[in-house]
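# Analysis of the macromolecular model
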Amino acid sequence: MLLQDRVALVTGASSGIGRATAKLFARHGARLVVAGRDEARLSSVAASIEAEGGQVLALAGDVRDEGHVRALVDTAVDAFGGLDIAFNNAGALGPMGPTPSVSREDWGDALDVNLTAAFLGAKHQLPALVTRGGGSLIFTGTFVGHTVGFPGMAAYAAGKAGLLGLVKALAAEFGGQGVRVNALLPGGTDTPMGRSVANGPEALAQVTQLHALQRLASPEEIAGSALYLASDLAAFTTGTAVLADGGVSIKR
Ligand code: NAP
């Protein structure tokens, strides 16, 4: 029970890594606010957490909407008395393909969901974490554009790379108030997003061979690393990028 008496917020909880993490956090005693756009899938995640005896509130919305992001924090504070952990995990691939063909609008949309939404999350979550005397702020980055450059993924790579600067700045800014800020960088993971890239036998083989472990991660395996960063096991870990990438970074 690594998160007993903690209150955690998880975005992108309607699917994949966020869903697995919300369930794992709940099993470790956290009370949860979960978010995603798809209300039906989000409700089913909340129901499965409740079925295991967890306490959870679900709030559907778009992380690009500052009002929604603020409401997530307000819900945690009003319903559970505060906020200790925020896993800003929602993300989207955005435009894929040759960079000269990417429109200004699609570029902006990708940065909005992968980077600006993280800033909005931090902006509203940090005061609540400070009020509690500290906590853990986590952003989901990626190996794409960090250890491997992928053709045709410039907007996604640039947005996710921006998270690493955000993490370092916030870790320095709020370390004195007990807030740890880290990025979690998964390798290829078997989720709808992962499968949209590894979308056939050939593409899947190409992606898996990038990994020393020669396979995709399960969402539950990435959730384990999120649990580590959220918990006191990572009490002296801040301002860094934690790779849970199956060895992509050492596979050349
Ligand atoms: P996923 O199963 O497709 O889940 C993506 C989640 O993000 C969904 O819950 C989705 O909610 C939410 N989301 C997307 N856009 C949103 C928006 N504008 N507002 C609110 N929520 C939004 O993919 P996943 O693999 O679990 O992805 C989770 C994170 O891991 C992402 O940040 C992704 O970039 C990162 N990542 C994934 C991989 C991989 O191989 N899968 C590798 C490295 C990093 P709705 O569906 O309800 O809209």
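This section reports on the structure supplied with the text. Bear in mind that the values here come from a model prediction, so they are computed numbers and not experimental data.

Thresholds applied
Residues numbered from 1 in each chain as written. Predicted model: local features only at pLDDT ≥ 70, side-chain atom pairs only at ≥ 80, totals over all residues. Heavy atoms only, no water. Phe/Tyr/Trp six-rings, centres within 6.5 Å; stacked < 30°, edge-to-face > 60°. Helix = DSSP H or I, 4+ residues; strand = E, 2+ residues; numbered from the N terminus. Buried < 20%, exposed > 50% of the residue type's maximum accessible area, 1.4 Å probe, protein only. Expected span 1.5 Å × (residues − 1). Arc of directions from axis to C-beta. Contact = heavy atoms within 4.5 Å. Polar contact = N/O pair within 3.5 Å; in protein donor to acceptor, adjacent residues only side chain to side chain. Near = heavy atom within 4 Å. Axes fitted to C-alpha atoms, helices over the stretch in contact; angles between N-to-C directions. Parallel < 35°, antiparallel > 145°, perpendicular 65-115°, else oblique. Left-handed = near helix turned anticlockwise from the far one by under 90°.

### Things to note about the packing of aromatic side chains
For the structure on display, the rule yields two aromatic pairs. Note on Phe-25 and Phe-87: the rings are 6.5 Å apart at their centroids and 50 degrees apart in plane angle, and the pair reads as tilted. Placement of the pair is Phe-25 in helix H1 (residues 16-27) and Phe-87 in strand E4 (residues 85-88), with a sequence separation of 62 residues. Since its relative accessible area comes to 0%, Phe-25 is described here as buried. The class for Phe-87 is buried, based on a relative accessible area of 0%. Measuring from centroid to centroid gives 5.8 Å for Phe-143 and Phe-150, while their planes differ by 75 degrees, and the two rings are edge-to-face. Under the relative-accessibility criterion, Phe-143 is labelled buried at 6%. Residue Phe-150 is classed as partly exposed on the basis of its relative accessible area, which comes to 27%.

### Description of helix H2 (residues 39-51)
In this model H2 runs 18 Å from its N-terminal to its C-terminal C-alpha over 13 residues, within 8% of the 18 Å that 1.5 Å per residue would give. Taken together, the buried positions of H2 are occupied by Leu-42, Val-45, Ala-46 and Ile-49. The buried residues of H2 occupy an angular sector of 95 degrees when projected down its axis, which confines them to one face. Pointing more than 90 degrees away from the buried face of H2 are the exposed residues Ala-40 and Ala-51. On the buried face of H2, the contacting elements are H1, strand E2 (31-36) and strand E3 (56-60). Measuring from the side-chain oxygen of the N-cap residue of H2 to the backbone nitrogen of Ala-40 gives 3.1 Å; that N-cap residue is Asp-38.

### Observations concerning the site of the ligand
Close to the ligand lie 31 residues; Ser-14, Ser-15, Arg-37, Tyr-156 and Thr-191 are nearest. At 2.7 Å, a side-chain N or O of Arg-37 approaches an oxygen atom of the ligand. In this structure, Asp-62 approaches the ligand through a side-chain N or O atom, which is 3.0 Å from a nitrogen atom. Listing elements by their share of the shell around the ligand, those giving two or more residues are H1, helix H5 (154-174) and helix H6 (192-197). Among the elements that take part in the shell around the ligand, H6 stands out by supplying three residues, more than any other.

### Focus on the packing of helix H3 (residues 66-80) against helix H4 (residues 104-131)
Contact geometry for H3 and H4: axes closest at 9 Å, N-to-C directions at 25 degrees. Considered as vectors, H3 and H4 are oriented roughly parallel to each other. Where H3 crosses over H4, the two elements pack in a sense that is right-handed. Facing Glu-66, Val-69, Arg-70, Val-73 and Val-77 of H3, the residues of H4 in contact are Leu-120, Gly-121, Lys-123, His-124, Gln-125 and Ala-128.

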